[in-house]
Amino acid sequence: MKDKQIEKLIKAEEERQEKTISLIASENYVSDDVLTALGSKFTNKYSEGYPGKRYYKGQTFTDEVENLCQERALKLFKLSPEKWSVNVQPLSGSPANLAVYVALVPLGEKVMGMSLDHGGHLTHGHKVSVTGKFWHQIPYGVNKDTEVIDYDEIKKIALEEKPKMIIAGYTAYPRIVDFKKFREIADDNNAILMVDMSHFAGLVAGEAYPSPFEYADIVTTTTHKTLRGPRSALIFARKDKTQTSAKGNEVSFADLIDKAVFPGLQGGPHMNQIAAVAVALKEADTPEFKKYAEQVIKNAHTLTDELKKLGWKIISGGTDSHLILVDTFMGGEGMSGAEASDKLEKEGIIVNKNTIPNETRSPMDPSGIRLGTAGETTRGAKEKDMVNLAKRIDEALRK
Ligand SMILES: *Cc1c(COP(=O)(O)O)cnc(C)c1O
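First things first, this report covers the structure right here in the doc. (Residues numbered from 1 in each chain as written. Predicted model: local features only at pLDDT ≥ 70, side-chain atom pairs only at ≥ 80, totals over all residues. Heavy atoms only, no water.)

Focus: the packing of aromatic side chains
Thinking step 1. Applying the stated criterion across every chain, the model contains 15 aromatic pairs.
Thinking step 2. Ring centres of Tyr 140 and Tyr 170 lie 6.3 Å apart, and the angle between their planes is 80°; on these two criteria the pair is classed as edge-to-face. With Tyr 140 in strand β6 (residues 136–140) and Tyr 170 in the loop between β7 (165–168) and α7 (179–188), this residue pair connects regions lying 30 residues apart in the sequence.
Thinking step 3. Taking relative accessible area as the criterion, Tyr 140 reaches 3% and is therefore assigned buried.
Thinking step 4. Residue classification places Tyr 170 among the buried residues on the basis of a relative accessible area of 5%.
Thinking step 5. An aromatic cluster of at least three residues, connected via ring pairs, comprises Tyr 140, Tyr 151, Tyr 170, Tyr 173 and Phe 182.
Thinking step 6. Taking the ring centre of Phe 329 as reference, the NZ or CZ of Arg 361 above it sits at 4.5 Å. (Phe/Tyr/Trp six-rings, centres within 6.5 Å; stacked < 30°, edge-to-face > 60°. Helix = DSSP H or I, 4+ residues; strand = E, 2+ residues; numbered from the N terminus. Buried < 20%, exposed > 50% of the residue type's maximum accessible area, 1.4 Å probe, protein only. Lys NZ or Arg CZ within 6 Å of the ring centre and 35° of its normal.)

Okay, structure coming up:
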């Protein structure tokens, strides 16, 4: 590179990644092929619009790349193109979720999402996100004692509040979500069911976690977490779902979402990113990826069991995914999540501090840390490595 300053920083970051262990549940390590596509000359091309309907000329290959990305996304999640459409243009997870709101939920309407401190994402209607400023969040959480989702409670809230849309799928919830129950609750209230599978999409792809597609109207996902692609997002919409427009026409969710993404919220899509997503989707459609997904969960189970043996409190008592929430504060006996994450970073283990359900401290200095096994599994870690890792974590925290 001619730019020595940036070259030095890229090298330094590469070394940092090599030398540390990332247990950040939303991170992963992409393949060299994904990086090649990301760094390709598709970045030079403006392609506002959709395949076959672009504003600028010169779209022969961008159209092919976007069509291929869509085909691969549908195939990976076993969806028929007759029944499902997918938009591959959202720039990342938050804009993808915003596009769904813009497409389907009138301003000011009620959206039911898990509150942030129980594991929901900011874009599920939290008040610091525009989704909480322009729409009205009806929060739900986990049961105080079991720390898992209480479907009867959600059912009760939905019946009282009659939200326009219900969101399932979270940022810091380790357990399996019962999508069928969410479908029943949505049906009882004539609400749209959106599943945000950002965290566990790779586990669904690898058949190691239940697929939400049988039950959801809309599925959004980031592509850079367990799915192991570049930073981007996808929005899937069931083709038979429609909404009545102001003019009285029936318009499909899929068309409304396409319009919300472009021209509603974005200009030109990032075609280099879409090419890289296509590469990642193909990689995820292999027996090796299935093995990876299974190993991610085995590793999470081992890490959880070992940490429990060493005396650490695991929220909800365990995990069914890549994600583990540890209560490091333990009602004052232990340390805050900020202190815990600082101690771990000193030992080369990178995690994030995290709120726990019914948080008693502040989001900037909460009671827990969140761990995830996807990244280390990509790097080849197995159960025995998790036993060692648990020991290292325990030692670092007790220093
Ligand atoms: C990560 C995440 C997002 C947001 O993705 P960004 O790419 O960071 O904008 C949205 N929803 C959930 C559930 C997530 O975990």
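Focus: the pairing of β7
Thinking step 1. Alternating residues of β7 divide into Met 165 and Ile 167 and Ile 166 and Ala 168, and every residue in both groups is buried.
Thinking step 2. When strand β5 (residues 110–114) meets β7, the two strands line up parallel, connected through two bridges. Looking at the pairing, Met 112 lines up with Ile 166 of β7.
Thinking step 3. Sheet topology places β7 next to strand β8 (residues 192–196); four bridges connect them, and they run parallel. For Met 165, the partnering residue across the bridge sits in β8 and is Ile 192.
Thinking step 4. Following the backbone out of β7, through α7 and into the adjacent parallel β8, one traces a crossover that is right-handed. (Pairing = 2+ DSSP bridges. Right-handed = clockwise from strand over helix to strand, strands pointing away.)

Some details on the environment of Ile 257
Thinking step 1. One can find Ile 257 in helix α9 (residues 253–265).
Thinking step 2. Among the residues examined, Ile 257 registers a relative accessible area of 1% and is labelled buried.
Thinking step 3. For the pair Ile 257 and Lys 239, spaced 18 residues apart in sequence, the C-alpha separation works out to 11 Å.
Thinking step 4. Excluding residues within four positions of it along the chain, Ile 257 makes contact with Asn 87, Ala 103, Leu 104, Ile 218, Ile 235 and Ala 237. (Contact = heavy atoms within 4.5 Å.)

Geometric values such as these leave the question of function open.
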